[in-house]
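A look at the structure
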Amino acid sequence: MRHAVVIGASVSGLLAAAALSRIAERVTVLDRDQLPGEDVHRRGTAQSRHAHGLLARGLEVMEVLLPGLTAELMDRGAFGGDLQADCRWINEGRRLAPAPGDMPGLLVSRLLLEGQIRRRVSALPGVEVAGDRQVFDLTHSGEWVTGVRLVSGETISAGLVVDASGRGSRTPAWLERLGFAAPEEERVEIDLTYTTRVFRRRADDLAGDPVVIMAATRAVPRAGVALAMEGDRWIVTIGGYGDAPPADYESFVDYAGSLPAPDIHELVSGAEPLDDGCHHRTPASVRRRYERLSRFPRGLAVVGDAVCAFNPIYGQGMSVAAVEALRLGEWARRERPARELFRSIARVVDAPWDIVVGNDLRLPGVRGRRTAKIRMVNAYLERFHRAAEHDAELGRRFLRVANLLDRPTALLRPACLVRVLRGGAGAAGRDDRRVTREPRYPARH
Ligand SMILES: Cc1cc2nc3c(=O)[nH]c(=O)nc-3n(C[C@H](O)[C@H](O)[C@H](O)COP(=O)(O)OP(=O)(O)OC[C@H]3O[C@@H](n4cnc5c(N)ncnc54)[C@H](O)[C@@H]3O)c2cc1C
């Protein structure tokens, strides 16, 4: 392939370009925002002001696409940790039993991560990343997409156009204009508002633990994330389903006190704020079913949030985008019809989508069909989390699923069921992985 154009220079567009650079002679990544050399917040990725966790699978695949990325990020202040030993994962108000594990995590701000990916991708041979270039439309010849037309009127021809323009992607409208059907769209209305503030981090905060990830419960549909990040800072995001956490310091701290467990409240009470806070509303998780279309133009692909934009609280978007970039590269090398790419992407999206939708449908305010399967799995997971508070092996298995290393069905295997039914009783003694740190939460009955 001589030339590929990617629309969008955020995480999925840049990783797509990294994958395509191994196949195409030239790759041009276009973004409507200006892309200055330093890492600054920009309009097209307003989410960079909010906590971003990078799952183990995402880190693993980014390292495949851009070898050495982890070390470069660490040189710039990111730091690593053990996802099970160092992180406080709190489900149903209970902390997963901490234990030394085999999943490395990386704590890095979204700004630094995207900035470093951009620096790496821009330096790849044949790749150009260009800001201030807003794509207005596709150009085509019959059923072949031949390039893009910019708002400025300029046209750029390409053998492959990849839409990585995010949740607001125009591909459904472009398809209809070209005489194709738009994909079906599945939506789960969550009405989730994030409020985020940055605080100074002291070494003894949270007894040195650098992460709290707290899921909403049916009784308290509010979630929270606190991530240590470079520059001795905390980024603390609180999410309310159906309500908006306030940003001013006093009210933010009060609201943190209403979360399902006290960790984040303890952290922010008395912490030194470093900004004024900001909000982001996510009305729905949205999945576009491109794999179900019977006709699709040649020379066009869609990846990232443009295909599926998840409820962000599960921290999956960047990791899914990374795996999709790998699939895109494999597909482009084989020059197969788009249907094959979309089927492969659908297999990548299925598991994280099921996790998000299934979990969100526990919450009374979330609209959607609660099938018998979803209700059964959720009842099981409540018991699972009760047991995982004491059973580090269950914790490990949960984290492998939450980090997209295993499929969710791994939690239903007989070995898990037995441990769940036992309720974690005696787990530490029978566990082949020694629990070295006691759970810091007394059981709640
Ligand atoms: C509040 C929030 C928190 C999140 N937290 C996490 C998290 O913890 N972990 C995680 O993995 N993911 C998280 N995500 C998701 C993650 O940010 C995205 O999945 C990730 O950025 C990949 O998205 P994307 O690149 O497909 O699209 P986006 O990040 O939305 O980027 C789209 C890009 O396309 C550009 N663009 C749009 N239209 C055009 C056009 N016409 N022409 C040219 N350029 C265009 C935009 O300027 C932008 O740069 C979060 C998302 C939100 C909203």
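Numbering of residues starts from 1 in each chain and follows the order in which that chain's sequence is written. For this predicted model, a pLDDT threshold of at least 70 governs which residues receive local features, and a threshold of 80 or more governs which side-chain atom pairs are given and counted, while totals over whole chains, interfaces and linings are taken from all residues. Excluded from the side-chain calculations are hydrogens and water; all other atoms, namely the structure's heavy atoms, are used.

Here we look at the site of the ligand
Note the following rule: Distances are taken per atom, and a residue is near a molecule or strand as soon as one of its heavy atoms is within 4 Å of it. Each polar contact in these results corresponds to two N or O atoms within 3.5 Å; when the atoms are within protein, one needs to be able to donate a hydrogen and the other to accept it, and residues that are neighboring in sequence are counted only if both atoms are side-chain atoms. Only the protein chains shown count as cover for residues, with accessible areas throughout obtained via the Shrake-Rupley method and a probe of 1.4 Å.
Every one of the 33 residues lining the ligand counts as a neighbour, but Ser 10, Ser 12, Asp 31, Arg 110 and Asp 305 are closest to it. Taking Arg 42, its side chain carries an N or O atom lying 2.9 Å from an oxygen atom of the ligand. For the ligand, an oxygen atom lies 3.0 Å from a polar atom in the side chain of Gln 47. Contact with the protein chains hides 93% of the accessible area of the ligand, taken as 1000 Å² for the molecule alone.

Focus on helix α12 (residues 414-422)
Convention followed: When accessible area is computed with a 1.4 Å probe and restricted to protein chains, residues below 20% of their type maximum are described as buried, those above 50% as exposed, and intermediate ones as partly exposed. Secondary structure elements follow DSSP: runs of H or I no shorter than four residues count as helices, runs of E no shorter than two count as strands, and numbering proceeds from the N terminus. Picture the helix axis, draw a direction to every C-beta atom, and the arc is the one those directions span.
When we look at burial in α12, the residues that qualify are Cys 416, Arg 419 and Val 420. Down the axis, α12 shows its buried residues gathered within 100° of arc, on one side only. What points out from α12, more than 90 degrees from its buried face, is the exposed set Pro 414 and Leu 421. Once α12 finishes, Gly 423 follows within two positions and takes phi at roughly 70°, a positive value.

Some words on empty space enclosed by the protein
In plain terms, the rule: For each structure, a 1 Å grid was placed over the protein atoms alone; sets of points admitting a 1.4 Å probe that cannot get out are labelled cavities, open sets with protein on both sides within 12 Å along at least five of seven lines are labelled pockets, and lining residues have an atom within 4 Å of a point. Grid points are joined across faces, edges and corners, and a volume is the space filled by probe spheres set on the points. Here the nonpolar group is Ala, Val, Leu, Ile, Met, Phe, Trp, Tyr, Cys and Pro; Asp, Glu, Lys and Arg are the charged ones; every other residue, Gly included, is treated as polar.
This structure, assessed with the given rule, holds two cavities of 30 Å³ or more. Within this model, the largest cavity holds a volume of roughly 90 Å³. Lining of the largest cavity is provided by Glu 38, Asp 39, Val 40, Arg 42, Thr 45, Ser 48, Arg 110, Leu 111, Glu 114, Gly 115 and Arg 118. Approximately 50 Å³ is the volume attributed to the second largest cavity. Residue lining of the second largest cavity: Arg 287, Arg 288, Tyr 290, Glu 291, Val 307, Phe 342, Ile 345, Ala 346 and Val 349, and that is the complete set. If you list the elements that add at least two residues to the lining of the second largest cavity, you get β16 (278-288) and α9 (338-360). If you tally residues by element for the lining of the second largest cavity, the top one is α9, at four residues. Of the residues assigned to the lining of the second largest cavity, the class counts are six nonpolar, no polar and three charged.

Considering the sheet that holds strand β8 (residues 135-141)
We apply this condition: For two strands to be treated as a pair, DSSP must find no fewer than two bridges joining them. Simply put, an axis is a line fit to the C-alpha atoms, just over the touching stretch for a helix, and the angle between two N-to-C directions goes from 0 to 180 degrees.
The antiparallel open sheet is built from three strands, whose spatial order is β8-β9-β10. With partners counted over all chains shown, the strands left at the sheet margins are β8 and β10 (155-157), one partner each. Each neighbouring strand pair of the sheet contributes to a mean axis angle of 30°, computed without reference to strand direction.

What to know about the pattern of salt bridges
Definition in use: Basic side-chain nitrogens of Lys or Arg form a salt bridge, by our definition, when they fall within 4 Å of a carboxyl oxygen of Asp or Glu.
Using the criterion set out here, one finds 37 salt bridges in the structure. Of the charged contacts in the structure, one is a salt bridge between Arg 218 and Glu 382, with a shortest N-O distance of 2.5 Å. Of the two residues, Arg 218 sits in the loop between β13 (211-214) and β14 (222-229) while Glu 382 sits in helix α10 (residues 372-388), which places them 164 residues apart along the sequence. Ionic pairing is found between Arg 336 and Glu 340, a salt bridge with its closest N-O pair at 2.8 Å. Glu 340 gets classed as partly exposed once you look at its relative accessible area, which sits at 27%. In the salt-bridge network here, residues are joined through shared partners; they are Asp 31, Asp 33, Arg 42, Arg 110, Glu 114 and Arg 118.

Section: the nonpolar core
Convention followed: For this analysis, a nonpolar core means a set of buried residues of the types Ala, Val, Leu, Ile, Met, Phe, Trp, Tyr and Cys, connected via side-chain atoms within 4.5 Å. Any two residues whose heavy atoms approach within 4.5 Å at even a single point are treated as in contact.
Met 62, Val 148, Val 236 and Phe 384 are the most contacted members of the largest nonpolar core, which has 145 residues in total. Ignoring sequence-local partners within four residues, the contact set of Phe 384 consists of Leu 394, Phe 398, Leu 411, Cys 416 and Val 420.

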